[in-house]
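# Chain and residue survey
Listed below, chain by chain, are the residues.
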Amino acid sequence: MRVLFTFILLVISLTTFAQQSDKEITVKGKVLESSSSLPLEFATIVFVDQSGKIVTGGITDQNGMFSIDLQAGTYTVRYEFISFETKELPNQRLTSNITLPPVTLSESDNVLNEVIIRAETTEVQVRLDKKIYNIGKDLTTSGANVGDALNNVPSVTVDVEGAIALRGNENVRILINGKPSAIAGFGSTDALRQLPADAIERVEVITSPSARYDAEGTAGILNIILKKEKTLGVNGSINTSVGVPTSSNVSGNINVRTDKFNIFNTTGYRYRNAPGNAFFSNFYKNIDSIATPDRNPLVTEKRIFEREDKGFNTNLGIEYFLTDASSITATGFLRIGKDDDITTNTANEFGFNNDLAISRLRIENELEDDVNYQFSLNYINNLDEDGHKLTADVQYEIGSEEEMSLITEENTFPSSELLPSEMITNLEDETEFLAQVDYVRPIGENAQFEAGARANFEETITDYTLLEEDVAGGTFIIDDGLTNVFTYNENVLAAYSQYGNKFGKFSFLLGLRVENTQLKGKVDAIDTSDNTNSDFNIDFDKNYTGLFPTVNLIYELGERENVTLGYNRRINRPRGRFINPFPSRSSEANVFQGNPNLDPAYASAFDLGYIKRWDKLTLTSSIYYQNETNAFERIQEDTGELTGNGIPIIRTLPINLSTNERYGAEAGVLYNPAKWLRLNGSFNYFLFKTVGEFNNVDYGAENSSWFARGSAKVSLPAKIDWQTNAFYRGPSNNAQTETEGILSVDLAFSKDIMDDNGTIGLNVSDLFNTRKRMSITDTDTFTSESEFQWRQRQVTVNFTYRFNQKKKRERGNRDGGDDDGDFEG
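Computed from a predicted structure; not experimentally measured.

## Looking at the side chain of T796
- Topologically, T796 is positioned in strand β49 (residues 794-803).
- Judged by its relative accessible area of 7%, T796 falls in the buried class.
- The contact partners of T796, leaving out residues within four places of it in the chain, are S241, V242, G243, G761, L762 and N763.

## With respect to the packing of aromatic side chains
- Applying the stated rule across the entire model yields 17 aromatic pairs.
- A centroid spacing of 6.3 Å and a plane angle of 50° characterise the contact between F578 and F632, whose relative ring orientation is tilted. With a gap of 54 residues between them, F578 in the loop between β31 (561-572) and β32 (590-592) and F632 in strand β35 (residues 632-642) connect regions that are remote in the sequence.
- In this structure F632 comes out as buried when scored by relative accessible area, which is 14%.
- By the ring-pair criterion, three or more aromatic residues cluster together here, those being Y499, F503, F506 and F508.

## Things to note about the sheet that holds β32
- If you trace the three strands from one edge of the open sheet to the other, you get β32-β36-β35, paired in mixed fashion. Each having just a single partner strand, β32 and β35 make up the two edges of the open sheet. Shown here is a sheet whose adjacent strand axes are inclined to one another by a mean of 30°, direction ignored.
- Sheet analysis places β32 next to strand β36 (residues 648-656), joined by three bridges and oriented parallel. Paired with F592 across the two strands is T652, which belongs to β36.

## A look at the nonpolar core
- Counting residues in hydrophobic clusters, the biggest one holds 23 residues, and the most contacted among them are F486, Y488, F540, I571 and I579.
- Within the residue set of this core, elements represented by two or more residues are β26 (447-469), β28 (484-503), β29 (506-525), β30 (540-558) and β33 (601-613).
- With three residues, β30 is the single largest residue contributor to this core.
- Setting aside anything within four residues of it in sequence, one finds F486 in contact with T460, I461, T462, G521, K522, V523, I538, F540, I579, N580 and P581.
- Core analysis: the second largest hydrophobic core is formed by 21 residues, V156, L166, I176 and V205 among them.

## Focus: the pairing of strand β47 (residues 773-778)
- With three bridges joining them, strand β44 (residues 737-739) and β47 adopt antiparallel strand pairing. Directly across from E738, in β47, lies its bridge partner I776.
- Taking the residues between adjacent antiparallel strands as the criterion, β47 and strand β48 (residues 782-789) are bridged by three residues.

## A look at the sheet that holds strand β6 (residues 73-80)
- Taken together, the four strands give an open sheet; going across it, the order is β4-β3-β6-β7, and neighbouring strands pair in antiparallel fashion. Across the chains shown, the open sheet's two edge strands, defined by having one partner strand only, are β4 (54-59) and β7 (87-94). Averaged over neighbouring strand pairs, the angle between their axes works out to 20° when direction is ignored.
- Judged from the six bridges that link them, β6 and β7 form a sheet pairing that is antiparallel. Bridged to V77 within β7 is L89.

Each value, and the rule that gives it
- Residues numbered from 1 in each chain as written.
- Predicted model: local features only at pLDDT ≥ 70, side-chain atom pairs only at ≥ 80, totals over all residues.
- Heavy atoms only, no water.
- Helix = DSSP H or I, 4+ residues; strand = E, 2+ residues; numbered from the N terminus.
- Buried < 20%, exposed > 50% of the residue type's maximum accessible area, 1.4 Å probe, protein only.
- Contact = heavy atoms within 4.5 Å.
- Phe/Tyr/Trp six-rings, centres within 6.5 Å; stacked < 30°, edge-to-face > 60°.
- Pairing = 2+ DSSP bridges.
- Axes fitted to C-alpha atoms, helices over the stretch in contact; angles between N-to-C directions.
- Core = buried A, V, L, I, M, F, W, Y, C linked by side-chain atoms within 4.5 Å.

Here is the structure:
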C-alpha cells in the first residue's frame, strides 16, 4: 500500500511540473543605474535555464522597464549593459506572472576598448514620432559650435550663411530641450554659433512630429537636448581652442549633485575673426538707365567681409528633488555678443564695349551688441513608476540687439569724388513668455494617454533710423520715408491630446493639436507715403485657428527591424525680416524687402520609414511626400527705380506662391566593421514642384536636388584617432535661380592624454576651401551671377580636460527630467 501511495504521489508531482513547464507567464521588472537611481534604457535581460542554455530575453524601455513572456520554470536571470557590471539572480523559480524587485547596475571599473570605440560613433534610436541621434564624440566638432555639429546630423544641412535645413527645407523649427529658447535665437540661428558643440547630449530629428510638439515648421523639428550630468558628486570639464583665421574659445561645465539637489553650469567665451567674400555681376537687358538708349550696362560688385565676433554665454541651473518622485528646476541663461564687422564693396560699371566706365568704393562699418536673458522653471512629478507623470514649465525671455552702421561711398574712376554717407541705427527689443503643462497617463501594459496646453506670447520692436548727408561731408538729415518703428506680435494658444497603444507587433500614436494664432504688425513712421511700400498693408491684425492632426504607426518585422508610417499637418508663420516692409540698405542696387502681406503656409506631410539593425550595421531609410499651400518663395524683380547714380534697383521679396510639392527619399548607414574603423554615411534625394505667379509673372518651377555625407573614423596606435567627414550638396534651382553644387571636407585628429582625463585635437574645417555658393538668376530684364563664401578654411587646435568624468559613450536619455513621455509601444 505504501508503494502504491508513493507511486501515485510521484505521478501527480510529475504531471503538475509538466503542466507548470508548459504554462506561459510574464515576468516584469525595472533596471536602474546605481549612481543616480535613474532608469537604464536598453539594458539586456536574459533568462538561462538549468542546462546553461539561453531561453529568451529582452531589453528595457526608456523608463528602465521590461516585460518578457516565457515558459514557467527555474532560471538564472542575467542583467547586462555595455560598460556596466553584469548581475545575475540564480535559481529563480518562476511559476506564475511576477514582477521582480528593481535591480541596480554599476559601471565597470575596467572599460574595454570596444566600449570606448562605441562611445565615439553616432547612434540612432527610433521612436514613433522621431529619430534620436546620440552624437557621441565627433572629432570634427571639437572647439566648434552647435551650428557646426548639426551639419553632421543625417537629414540636416547648414548652408554657407549658417541657415539650417531639414531634408533641404529651411522651414524647420529649432527647439532647445523641447521648448523655443533664446539659446536658439529669436527666429534666427545666429545664437547657436555661440554655444559649444560639447554641450549637446543628443539631437532629435522629428520629421513626423506628434501632437505634443509645436505645429510650427513645415519641414519638421530639430530638438537639441543639452547635457546635464546625473552622477553624484562634483564633476565637469574644461574645453579650450585656438585657430587660424584668428579664433579662440574657452568653455567649461561643472555639476554638483547630492541626494537632494543638482547644480549645473555651462559657461563659455569665444572670439573669432571670420573673413569672407562675395562677388555679384548684374547684366541689365535693354534698359536706357544711363544716357544711351541702346546701352546694356554691366555692373559688378566685389565684397570683402571682415568680421570680429566676441561672445559670452552662461547657463546656471539648480534642480531640487522635492521627493523621490518629484523635482523643481530653476534655470537662468545669459548670452552677450559684440560684433565689429567691415564690409568693403567695390562696384564697377562697364559700358557698351565692356570698357570700365565708373568705379565706386562703398564701405560699411557695423557695430552690433546683443544681450539675451532667459529664466525658466520646470516642475516634474512622477506619479508612479510606470510613467504616470505631470510636468509644468514657465519661461520668460528678453533680448535686445543694437546695430549701428556707417556707410561711406566714393567714386574712384574716372575721377575721385566723395559721395554722401549714410548712418543707420537699428534697435531691436524682443520679449517672449511661455507657459505649458503636460500630462502623461499609461493605461494598462501598452497604452498611453497624453494631453497638454501651451501659451506663447512674443513681441519684437524694431526701431530703424536712416540718416543721409545732404552733400558729401555735409549735415546728416533723417530720411523720413525709411525711418520707422515696426512692432510685431505673435501670440499662440495651443492644446493637444494623443493616445497610443500596442497590439502585438503593431503600435500606433494618434493625436490632435489645435492652435489659435494672432499676428499683429504696426508701423510708426515719419512718412509712409513712399511708393516702395504702396503695395503693402503695413499695419495688420490677423487671427486664425487651425487643427493639426498627427498619425504615427510602427510595425515590428523583427526584434531589430521595423517599418514606420507618419502623417502630420504643419504651419509656417512669417516673421522677422520676411514681414518688415522697409528695405535693407547694405547695397544700393541689391536690396531685400519684407512683405507684411504674407500669410502662413500650411503643409501636409507623409513619411514611410524602414530601419534594420545588425551586429555591426544599422540601416535607416524613408520616403516622404509634402504638399504645402501658400508656400513662401523669395523672388527678384526690377523695382523700376534707380539709385542716385542711375543704376536699376533689384529687389528680393518673399511672397506666397500657390503650392509647393516635395517628394524625397533618404537612407543612412552606420557600420563598424572593426574595432579600429567606424563608417557612416547618408544620402537624401528630393524633387519639388512650385506653382504660382506674382505681378503677372509665372514663377512655377520643377527641380530635383540631393545631398550626401560620409564619415570615416580610424583608431591608430598610441590612442590617436583620425576622422574625415565629407559633404556634397547637389545643384538646385527655383523659379529664377540656379545654384551649383557645393563640396566640403573636414579633417580631424585627437589623442587622449593624462590617463584619459585629457584630449588634445587638431581639426581643419573646409579642408579644400570649397564651401562657396555660386548661383545665376535670369529674368526678362536682367541676369545676375553671384559667388558667396561666408567663412574661409579654419584650422583649430583644442584641448579638453575632464575631472571626475569617465570617457564613455552616451547611453541615451536616462534623465526623467528631459523625458517627454515618449510612447514606444
